[in-house]
Amino acid sequence: MIYIAKFVLWLLSLMPAAMPYHLAGKGAGLWMRFSPVKRHTTIRNLERCYPHKSPDERDQILRESFHHYLCNVLETGHNWFWPVERLQARCDGMTNEKLVLDSLASGRGVVVLAPHFGAWEYLGMYLQKFPDIAILYKPPSNPGLEKALLSKRRRGGANMIPATASGLRQLYAHIRAGKGAGVLPDQQPKRGKGQFAPFFGYPALSMVLVPRLVQRTNCIVLACVCERLEGGRYKVHFLPVDDDIHSEDMITSLTAMNSAIEDCIAINPPQYLWSYRRFKTQPEGEPDFYA
């Protein structure tokens with residue numbers, strides 16, 4: 001099965017750079033029609049996070065979000081098989097470049113919050129242009145798939161750290177050595193493994209890894225996303241994170257982390273992964289939000 005998947009991705013890699021964006025635009029409506037659960041999840045998330053927008057405005061975001069979701073699928077061939085230098089050359093610039101360079105040069109260590117926005121798989125390849133960048137990842141259950149993922153994602157020199165007990169110890173040591181690491185901050189942990197903090201004004205179960213990492217290492221925290229542009233081009237955005245991320249109070253720190261995710265989404269709202277069930281786990285006594 002892994003070999004079939006790799007062959008399909010190799011075929012996708014033969015497409016011109018602009019083709020995935022074009023094809024995704026043509027196929028987004030069909031993708032949305034045959035993905036009722038993802039469509040329903042997206043609608044509920046948009047209703048909660050953008051209550052001030054009209055139904056027509058939310059419907060436009062819905063359609064565009066499925067366009068970018070399909071883009072991520074079709075771009076995988078490029079991300080897996082194109083030379084890293086060729087991929088990085090598709091970027092049309094980086095906002096706040098001095099901010100990230102100064103942070104990496106500070107010697108304090110840097111945690112980069114990279115939510116599921118835009119071309120997040122491409123972003124992992126782009127960040128490898130910076131030395132000593134590690135990327136935390138969740139190991140898939142299939143060992144063959146993990147081996148394939150690592151072989152492709154490491155080819156630019158990235159240090160891939162698994163989100164396991166031993167991997168987290170490695171992450172702490174990496175940050176304490178003054179280096180940088182990218183972390184997905186918007187994955188919902190299992191109940192008991194996180195705490196509720198506001199996300200667009202509503203309680204969302206949030207991972208406590210970042211606040212604990214910040215409290216124990218006093219590292220710098222930045223947010224980063226890769227905005228997808230037309231024609232197979234990209235733009236990387238680095239954003240500062242509120243100083244409250246360094247608070248000793250867990251909820252205060254988590255609130256700053258979620259606020260940073262909101263700032264990233266505001267760059268281009270349709271490019272966020274709205275089909276992710278961010279409010280799946282509700283506070284005790286609250287009904288199922290996606291029922």
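Residues numbered from 1 in each chain as written. Predicted model: local features only at pLDDT ≥ 70, side-chain atom pairs only at ≥ 80, totals over all residues. Heavy atoms only, no water.

Draft legend 1. Here's a closer look at the nonpolar core. Ranked by internal contacts, the top residues of the largest apolar core, which has 49 residues, are Tyr50, Leu113, Leu171, Phe199, Ile245, Ile265 and Trp274. Looking at this core, the element that brings in the most residues is helix H12 (residues 250–266), giving 8 residues. Beyond its immediate chain neighbours, meaning those up to four positions away, Leu171 contacts Leu136, Ile161, Ala181, Leu209 and Leu213. Counting residues in each nonpolar core, the second largest holds 30 residues, with Val112, Tyr126, Tyr137 and Cys224 among its members. (Core = buried A, V, L, I, M, F, W, Y, C linked by side-chain atoms within 4.5 Å. Buried < 20%, exposed > 50% of the residue type's maximum accessible area, 1.4 Å probe, protein only. Helix = DSSP H or I, 4+ residues; strand = E, 2+ residues; numbered from the N terminus. Contact = heavy atoms within 4.5 Å.)

Draft legend 2. Structural detail: the packing of aromatic side chains. Inspection of every chain in the model, using the stated rule, returns 13 aromatic pairs. Ring geometry for Phe200 and Trp274: centres 6.0 Å apart, planes at 55 degrees, overall tilted. With Phe200 in the loop between strand S6 (194–199) and strand S7 (202–207) and Trp274 in the segment after H12, this residue pair connects regions lying 74 residues apart in the sequence. Pair check on accessibility: Phe200 and Trp274 agree, each one buried. An angle of 65 degrees between the planes, with centres 5.7 Å apart, marks the rings of Phe279 and Phe289 as edge-to-face. Here the residue Phe279 occupies a position in the segment after H12, and Phe289 occupies one in the segment after H12, the gap between them amounting to 10 residues. Given a relative accessible area of 1%, Phe279 falls into the buried group. (Phe/Tyr/Trp six-rings, centres within 6.5 Å; stacked < 30°, edge-to-face > 60°.)

Draft legend 3. Helix H9 (residues 143–153), seen in detail. Residues of H9 that are buried include every one of Ala148, Leu149, Leu150 and Lys152, and no others. On the buried face of H9, the contacting elements are helix H1 (2–13), helix H5 (76–81), helix H8 (120–126), strand S3 (133–137) and strand S4 (159–162). A side-chain oxygen of the first residue of H9 lies 2.8 Å from the backbone nitrogen of Gly144; this N-cap is Asn142. (Polar contact = N/O pair within 3.5 Å; in protein donor to acceptor, adjacent residues only side chain to side chain.)

Draft legend 4. View of helix H11 (residues 209–217). Inspection of H11 places Leu209, Val210, Pro211, Leu213, Val214 and Thr217 among the buried residues, and these make up the whole buried set. Taken from the residues just after H11, Asn218 is the one with a positive phi, measuring 55 degrees.

Draft legend 5. Quick look at the pattern of salt bridges. In total, this model carries 6 salt bridges according to the counting rule given. Two residues, Asp59 and Arg63, come together in a salt bridge whose shortest N-O distance is 2.2 Å. With Asp59 and Arg63 both in helix H4 (residues 55–74) and 4 residues apart, this pair spans about one turn of that helix. A residue is classified by how much of its surface remains accessible, and Arg63, at 36% relative accessible area, is partly exposed. (Salt bridge = Lys/Arg side-chain N within 4 Å of Asp/Glu carboxyl O.)

Draft legend 6. Structural view of the sheet that holds strand S2 (residues 110–113). One open sheet accounts for 7 strands, arranged S1-S9-S8-S2-S5-S3-S4; its pairing is mixed. The strands lining the two open edges of the sheet, one partner per strand, are strand S1 (91–95) and S4. On average, adjacent strands in this sheet sit at an angle of 25 degrees to one another, irrespective of strand direction. Where helix H7 (residues 97–105) meets the sheet, its contacts fall on S1, S2, S3, strand S5 (180–183), strand S8 (220–229) and strand S9 (233–240), and the angle it forms with S8 comes to roughly 140 degrees. This element, helix H10 (residues 165–176), spans S2, S3, S4 and S5 of the sheet and lies at about 135 degrees to S4. (Pairing = 2+ DSSP bridges. Axes fitted to C-alpha atoms, helices over the stretch in contact; angles between N-to-C directions.)

Draft legend 7. Geometry of the environment of Leu145. Counting through the fold element by element, Leu145 comes out in helix H9. With relative accessibility at 32%, the residue Leu145 sits in the partly exposed group. As a C-alpha pair, Leu145 and Gln128 span 17 residues in sequence and 21 Å in three-dimensional space. Sequence-distant contacts of Leu145, defined by excluding residues within four places in its chain, comprise Ile2 and Pro140.

Draft legend 8. How the structure looks around the side chain of Asn258. Residue position: Asn258 is located in helix H12. A polar contact is formed between the side chain of Asn258 and the side chain of Ser206, at a distance of 3.0 Å. Non-local contacts of Asn258, meaning those with residues more than four positions away in its chain, are made with Ala197, Pro198, Phe199, Ser206 and Arg278.

Draft legend 9. Fine view of the pairing of S6. Sheet topology note: the S6/S7 ladder contains 6 bridges and is antiparallel. Within S7, the residue paired with Ala197 across the bridge is Ala204. The hairpin formed by S6 and S7 contains 2 residues between the paired strands, and Phe200 there has a positive phi angle of roughly 55 degrees.

Draft legend 10. Highlighting a negative patch on the surface. On the surface, Asp242, Asp243, Asp244 and Asp263 cluster together to form a negatively charged patch. Inspection of the secondary structure puts Asp263 in helix H12. According to the relative accessible area criterion, Asp263 is partly exposed, its value standing at 40%. (Patch = residues over 30% accessible without salt bridge, like charges linked within 9 Å, V, L, I, M, F, W, Y side chains within 5 Å. Areas by Shrake-Rupley, 256 points an atom, 1.4 Å probe, with all protein chains shown as cover. Lys, Arg positive; Asp, Glu negative; His and termini not counted. Charge placed at Lys NZ, Arg CZ, Asp CG, Glu CD.)

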